[in-house]
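These are the residues of each chain, in order.
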Amino acid sequence: MLKREKLTGKSKFIWVILGFLLMLPLAGSCSKEDSKENVVIPDIALNKSELTLEKGKTERLIASFTPAETPDKGHVWNSSIPSVATVDETGMVTAVIPGEAVITVTALTGKKTATCKVTVVDKVVRVTGVSIKPTESTMVVGDDLILEAVVTPENATNKAVTWSSGDSKIASVDATGKVTAIAEGKVTIEATTNDGDKTASCQITIVNRGVEISKPEVSDITSVSALVEGAIKAPGVKVTEAGICYSTSQSPTVNDKKVVLSGEDISYTLTKLEANTTYYVRIYAVVDGAAKYGDQAMFTTAVTVEISVPQISSISSSSAQISGTITTYGLQMDEVGICYSTSSMPTVDATKVALSGNEIVYTLNELTPETAYYVRIYAKLDGEYYYGDQGMFTTSGIIKTHFEPTDIYEDKAVLTSVAPSGVKKVDICYGTSPNPKITDNVTTASVGSDGKLRLSLTDLIKGTTYYLRAYSRVGSKIEYYDDEVSVQTVGKEFSVVREASFRSEKSDVEYTPSYRQWYRLYLTYTYDIKVKGTYLVEAIGGGAFKKTGDFSASIYLENGTGSFTFMRDKALFENSWPYASYYFNTATDVRITNLETNVCYHIMIERVTFKSA
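For every chain, the first residue of the written sequence is number 1, and numbering continues from 1 onward in sequence order. Local features in a predicted model are, by the rule used here, given only for residues with pLDDT of at least 70; side-chain atom pairs are given and counted only at 80 or more, and totals for whole chains, interfaces and linings are based on all residues. Note that the side-chain values use all heavy atoms of the structure and ignore hydrogens as well as water.

Draft legend 1. Region of the structure containing the overall build of the protein chain. Counting its secondary structure elements, the protein chain contains one helix and 50 strands. By the compact-globule yardstick of 25 Å for 613 residues, the protein chain is too spread out, its C-alpha radius of gyration being 53 Å. Counting only C-alpha atoms and orienting by the principal axes, one finds that the protein chain spans roughly 190 × 95 × 45 Å. The long-range share in the protein chain, meaning contacts at least 24 apart out of those at least 6 apart in sequence, stands at 60%. Here the open area of atoms and residues is found with the Shrake-Rupley method and a 1.4 Å probe, where only the protein chains shown may cover a residue. When the accessible surface of the protein chain is summed, it comes to about 34800 Å², and 49% of that surface belongs to carbon and sulfur atoms. Numbering of helices and strands runs from the N terminus; a helix is a DSSP stretch of H or I covering at least four residues, while a strand is a stretch of E covering at least two. For the radius of gyration, the atoms used are the C-alpha atoms, and the globule rule reads 2.2 Å times the number of residues raised to 0.38. Note on definitions: a residue-residue contact is assigned when non-hydrogen atoms from the two residues lie within 4.5 Å.

This is the structure in structure tokens:
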């Protein structure tokens, strides 16, 4: 058992000193703990989370700290695969070989890290542009929409993009391009390529969930009908029924008359309405079992006269047929008819034609060619004039043609004329007497590749004069045009006749299984040309001519009388008793051209027939 002794002053001092020394470690311990609690562990980040480099290229990564005023910003760098990409103490990354490596930066204080994935490629294909699909859209609050960023070119090395929202309070977008609609409004979502900072945008309109119903627009109002149009927008809700309700009382409901329709766009013609009556109409939609209505529109039907738009037909240079209908639903009309003018919206104060009955059919005559006319059908009821919508037509021009012959045969004639502007063909009548009519002969002149009207008259009589003129037929109306012309076939004013006697001689033999003896023919022609001019004579198909002297490919003649000889090889002999023939395999077209008028007369030589001896 310890014996308790009384402490002296000296022993008390020793114990106090001893206690103080014992407390020093505790005080030191406390101070170190307090110091640890005051140290802030900073966050560290890199300026890029991904990096693409060509082999042999370098790029510096930059580390940043949060908070920025961190006293100790010491950090170290490390590469996960140095054989792919290395990093030095300054953050400079060097691409070594193609592959992927992760560069890590570690803060010395707190040991927090940040990384960047480095992709090394042989060659970097740079981004040249970016677009977003879709470019605009409408969303409902609370809905999501995935946008697609399309980077060009398609083989770009780094197709990564960064998404951003112009107003994150209206819509947000995540790293994958998913947009979330937050509040009503309009917002622009952008995609920016990590390579090249190319940007594209999408305009998004965000609406609240619910139904919007437009005020109807009413048009095409008649005495018994009216067209009603509008729209129903129901983002995010289901419309079980939609349509139009109408009444002669204000604020119509589905308990009045209604028309059930489908779709967002409303368009319907109300029929069987009362004439001269005011109607009220609203568009409605049933949502969650309750009908919702848009603002009402009001319209008044017309009086009981309906006048059609005039139908215009059989238009010529001086006439046009007008037809249409007038409906009065049993009311007696004072007057009906047609009014027309060269000015728009004609009235009865212009030129009018009073008619009778509800069916309008009338041909306007004595009109001016190539002139625009306006016409309306009118009705007078209880002393007041009512007009239908106007029609417009333009009379045709008088076709001005002047045909000139270019090629004349014994049984055919070809003529041409300059084509009037816009005319592709012209109807022609012709006969052997002046002023021919369509009861004689008809044909059509058509525009050829040279832009001229070409007319070919066939099956004509030798040495006969034919008259021709242009005409048009509109309905039952025939209109003949001026400038009648005539043409005479070969055989009268222009006559070329082969004499009965001729000469032949053997020219060649074809030694084949079908032995052939060829002959050379000499034919003499006499001519009597009364049409003044100098003529060039040529042969198409073979042959030569002689007037005096030697044979040649062509000769010249003057109008008057005379003769010339035609010679051609390669004639075959054929004997069919009591007649025999010399004939050519191909006909010779002897062309006798008037050098002053360019009219070409044709004498066709193919067979020479004579009576056998």
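Draft legend 2. Up close: the UniProt feature "domain: Fibronectin type-III" (unreviewed entry) in the protein chain. UniProt positions are given in the numbering used here, feature names are shortened, and annotations may be inferred rather than shown by experiment. As annotated by UniProt and renumbered to match this structure, "domain: Fibronectin type-III" (unreviewed entry) occupies residues 212-307. With 0% helix and 55% strand, residues 212-307 has its two end C-alpha atoms placed 38 Å apart.

Draft legend 3. Spotlight on the sheet that holds strand β7 (residues 92-95). Here three strands make up an open sheet; going across it, the order is β3-β7-β6 and the pairing antiparallel. What marks the edges here is a single partner per strand, and that holds for β3 (58-60) and β6 (85-87). In this sheet, adjacent strand axes meet at a mean angle of 20 degrees when their direction is disregarded. Here β6 runs beside β7; their pairing, made up of three bridges, is antiparallel. Looking at the pairing, V87 lines up with V93 of β7. Only strands that DSSP links by at least two bridges are regarded as paired with each other. Each axis is a line fitted through C-alpha atoms, and for a helix only the stretch in contact is used; angles between axes span 0 to 180 degrees, taken between their N-to-C directions.

Draft legend 4. A look at the pattern of salt bridges. We define a salt bridge as a side-chain nitrogen of Lys or Arg found within 4 Å of a carboxyl oxygen belonging to Asp or Glu. Counting across every chain of the model gives 14 salt bridges. Linking K352 and E335 is a salt bridge whose minimum nitrogen-to-oxygen distance equals 3.0 Å. Pair noted here: K352 is in strand β32 (residues 351-355) and E335 is in strand β31 (residues 335-341), with a separation of 17 residues, a long-range link. For D589, the salt bridge identified is with R591, shortest N-O distance 3.0 Å. Exposure categories follow from relative accessible area, calculated using a 1.4 Å probe and restricted to protein chains: below 20% of the type maximum is buried, above 50% is exposed, and the middle band is partly exposed. For R591, a relative accessible area of 32% translates into the label partly exposed. Shared partners join several salt bridges into a network, and the residues in it are R503, E505, R520 and D569.

Draft legend 5. Structural view of the packing of aromatic side chains. Note on aromatic pairs: the rings of Phe, Tyr and Trp (six-membered ring only in Trp) are paired at centre separations within 6.5 Å, and the planes decide the class, stacked below 30 degrees, edge-to-face beyond 60, tilted for the rest. In total, this model carries 20 aromatic pairs according to the counting rule given. Here Y522 and F551 contribute two aromatic rings whose centre-to-centre distance is 5.8 Å and whose plane-to-plane angle is 55 degrees, an arrangement assigned as tilted. With Y522 in strand β46 (residues 516-540) and F551 in the loop between β47 (544-546) and β48 (554-576), this residue pair connects regions lying 29 residues apart in the sequence. On the accessibility criterion, Y522 (13% relative accessible area) is buried. With relative accessibility at 27%, the residue F551 sits in the partly exposed group. Three or more aromatic residues link up through ring pairs in this structure, and these residues are F502, Y519, F573, Y582 and F610. Positioned over the ring face of Y293 is R282, at 4.2 Å from the centre of the ring. Counting as a charge over the ring demands two things of the Lys NZ or Arg CZ atom: a distance within 6 Å of the ring centre and an angle within 35 degrees of the ring normal.

Draft legend 6. View of the confidence of the model for the protein chain. A residue's pLDDT is simply how confident the predictor is in it, with values from 0 to 100. When the pLDDT values of the protein chain are averaged, the result is 89; 93% of them are 70 or greater. When the criterion is pLDDT under 50, residues 1-8 qualifies, and its contacts beyond four places in sequence or with other chains add up to two contacts. Residue range residues 10-16 is modelled with pLDDT below 50. Its contacts to residues more than four positions away, or to other chains, number two contacts.

Draft legend 7. Summary view of the sheet that holds strand β5 (residues 75-79). The four strands are arranged β2-β9-β8-β5 in an open sheet whose pairing can be described as mixed. Strands with a single pairing partner mark the edges of an open sheet, and in this sheet they are β2 (50-54) and β5. In this sheet, neighbouring strand axes are inclined to one another by 25 degrees on average, regardless of whether the strands run parallel or antiparallel. Looking at chain direction, β2 and strand β9 (residues 113-121) are connected through five bridges and run parallel. Within β9, the residue paired with L51 across the bridge is V118.

Draft legend 8. The arrangement of the nonpolar core in detail. Counting residues in hydrophobic clusters, the biggest one holds 48 residues, and the most contacted among them are F403, L468 and I592. Looking at this core, the element that brings in the most residues is β46, giving nine residues. Start and end positions for the domains come from either an automated domain assignment or a database one. Of the domains in this structure, domain 5 (404-489) and domain 6 (494-611) are the two that each give at least three residues to this core. The contact partners of I592, leaving out residues within four places of it in the chain, are F494, V496, Y535, L536, V537, V599, C600, Y601 and I603. Within this scheme, the nonpolar core is defined by two criteria: the residues are buried Ala, Val, Leu, Ile, Met, Phe, Trp, Tyr or Cys, and they are joined through side-chain atoms within 4.5 Å. Listed in part, the 22 residues of the second largest apolar core include I132, M139, W163 and I170.

Draft legend 9. Region of the structure containing unusual backbone geometry. For the bond running from K133 to P134, omega is -10 degrees, close enough to zero to count as cis. Here P134 shows up in the loop between β10 (129-133) and β11 (136-140). Note that the residue after W577, namely P578, is joined by a cis bond; omega there is 15 degrees. Relative to the helices and strands, P578 resides in the loop between β48 and β49 (579-594). If you check the backbone angles, S314 has positive phi at about 50 degrees while not being a glycine. Even without glycine at this site, M345 takes up a positive phi of about 55 degrees. Given a relative accessible area of 44%, M345 falls into the partly exposed group.

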